[in-house]
Amino acid sequence: METETKNTVPMWLAVAITVVISLPFGLWLKEWSVPLWAAFIVWAEYFVLGGKPAGLKIMVPSYILGVIGAVLVLIVMVAFGKTSLGDIQLVTAGDVSIALAFLVAFCVLIYAMKFMPVTGGAGTLPFFNGISMGLATFFVGIYFTYGGLKVDDLLVPIVTGIPAILAGLLGAFLGWFNVTILLPRPVTKTVSGHQPAHI
């Protein structure tokens, strides 16, 4: 006899329910709405990290550190743009200062990973995911006054980092919720392959 886990609720239904549960966060909160696309990416990440609550201990802090890292990189980028480098361009305004800022800041950020206990191993994916979501919420350009916050341009990356962090937390919850509502139960089966008996 062997024991395995079987879902009470089918995955297709659990996913659909989870999507519907997420909608108010993107539709009802007006200027505080969370970017659901970012939340869905983090939700998938929960499964990549094993689909167990224990993964949240690595996933959540690594993701948040990634967003914070992106915010710091973007602050450097804005600062570079305020120098004489901001007037130089190859194709579009600011492209040289952005490239130089990213070169310097990303070298420092990625090198610093070795000193952060949660960003190695399984934490690498959520860390880079946090970076990408932090950059995305800045570059889509619609979160510059997130929640009605209006700040100096040097602080705009902080404001755009807020929805990235909130989306990550929502995505972590969605991953946990999706697995939880599957209502997994142990079943036993015989080695010979007979019909499993429910416990």
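You'll find the structure just up there.
Residues numbered from 1 in each chain as written. Predicted model: local features only at pLDDT ≥ 70, side-chain atom pairs only at ≥ 80, totals over all residues. Heavy atoms only, no water.

Quick look at empty space enclosed by the protein
Operational definition: Points on a 1 Å grid over protein atoms alone make up a cavity when a 1.4 Å probe fits among them but cannot get out, and a pocket when they form an open set with protein on both sides within 12 Å along at least five of seven lines; lining residues each have an atom within 4 Å of a point. Grid points are joined across faces, edges and corners, and a volume is the space filled by probe spheres set on the points. What counts as a helix is a DSSP run of H or I of at least four residues, what counts as a strand is a run of E of at least two, and both are numbered from the N terminus. Gly is put with the polar residues, along with every residue not named as nonpolar or charged; the nonpolar set is Ala, Val, Leu, Ile, Met, Phe, Trp, Tyr, Cys and Pro, and the charged set is Asp, Glu, Lys and Arg.
Summed over the entire model, instances satisfying the criterion amount to one cavity of 30 Å³ or more. Forming the walls of the largest cavity are Val 42, Met 59, Val 60, Tyr 63, Ile 64, Ile 165, Gly 168, Leu 169 and Ala 172. Of all the secondary structure elements, the ones that give two or more residues to the lining of the largest cavity are α3 (56–81) and α6 (156–180). Among the residues forming the lining of the largest cavity, the class breakdown is eight nonpolar, one polar and no charged.

A closer look at helix α4 (residues 95–112)
Threshold: Residue count minus one, scaled by 1.5 Å, sets the expected span of a helix. Only heavy atoms enter the contact rule, under which two residues are in contact if any of them lie within 4.5 Å.
With 18 residues, α4 extends 25 Å from end C-alpha to end C-alpha; this agrees with the ideal 26 Å at 1.5 Å per step. Where the residues of α4 are buried, they touch α3 and α5 (124–139).

A word on α3
We apply this condition: Working definition: with a 1.4 Å probe on protein chains only, accessible area under 20% of the residue-type maximum means buried, over 50% means exposed, and in between means partly exposed.
Compared with an ideal rise of 1.5 Å per residue, which puts 26 residues at 38 Å, α3 spans 37 Å between its outermost C-alpha atoms and is within 8% of the ideal. Residues Met 59, Ser 62, Tyr 63, Gly 66, Val 67, Gly 69, Ala 70, Val 71, Val 73, Leu 74, Met 77 and Val 78 constitute the buried set of α3. The inward-facing, buried residues of α3 abut α2 (36–48), α4, α5 and α6.

Topic: the packing of helix α1 (residues 11–27) against α6
To be explicit about the condition: Inter-axis angles, ranging from 0 to 180 degrees, are taken between N-to-C directions of lines fitted to C-alpha atoms, where helices are fitted over the stretch in contact. Any angle that falls under 35 degrees is termed roughly parallel, while one over 145 is termed roughly antiparallel, one within 65 to 115 roughly perpendicular, and all others oblique. For any pair of crossing helices, the crossing counts as left-handed if the nearer helix is rotated counterclockwise from the farther one by less than a right angle, and right-handed if it is rotated clockwise.
At a minimum axis separation of 9 Å, α1 and α6 run at an interaxial angle of 150 degrees. Taken as axis vectors, α1 and α6 run roughly antiparallel relative to one another. The element α1 and its partner α6 pack so that their crossing is right-handed. Between α1 and α6, the contacting residues are Met 11, Ala 14, Val 15, Ile 17, Thr 18, Ile 21, Ser 22 and Phe 25 on the first element and Leu 170, Phe 173, Leu 174, Phe 177 and Asn 178 on the second. Here the contact of α1 with α6 is composed, by residue class, of ten nonpolar, three polar and no charged.

What to know about the packing of aromatic side chains
Ring pairs (aromatic) are described by centroid distance and by the angle formed between their planes. Short version of the rule: Each pair of aromatic rings taken from Phe, Tyr and Trp, with Trp reduced to its six-membered ring, is defined by centres within 6.5 Å and is described as stacked if the planes are under 30 degrees apart, edge-to-face if over 60, and tilted in the remaining cases.
Tallying each qualifying case throughout the model produces twelve aromatic pairs. An angle of 85 degrees between the planes, with centres 5.1 Å apart, marks the rings of Phe 138 and Phe 139 as edge-to-face. Among the aromatic side chains, those forming a connected cluster through ring pairs are Phe 102, Phe 106, Phe 138, Phe 139 and Phe 144.

A short note on unusual backbone geometry
We note that Lys 30 has phi near 50 degrees; this positive angle belongs to a residue other than glycine. Within the secondary structure layout, Lys 30 lies in the loop between α1 and α2. Lys 30 sits in the exposed class, given a relative accessible area of 68%.

Some thoughts on the layout of surface pockets
Put simply, the largest pocket is a space of about 180 Å³. Grouping the constituent residues of the lining of the largest pocket by class yields five nonpolar, three polar and one charged.

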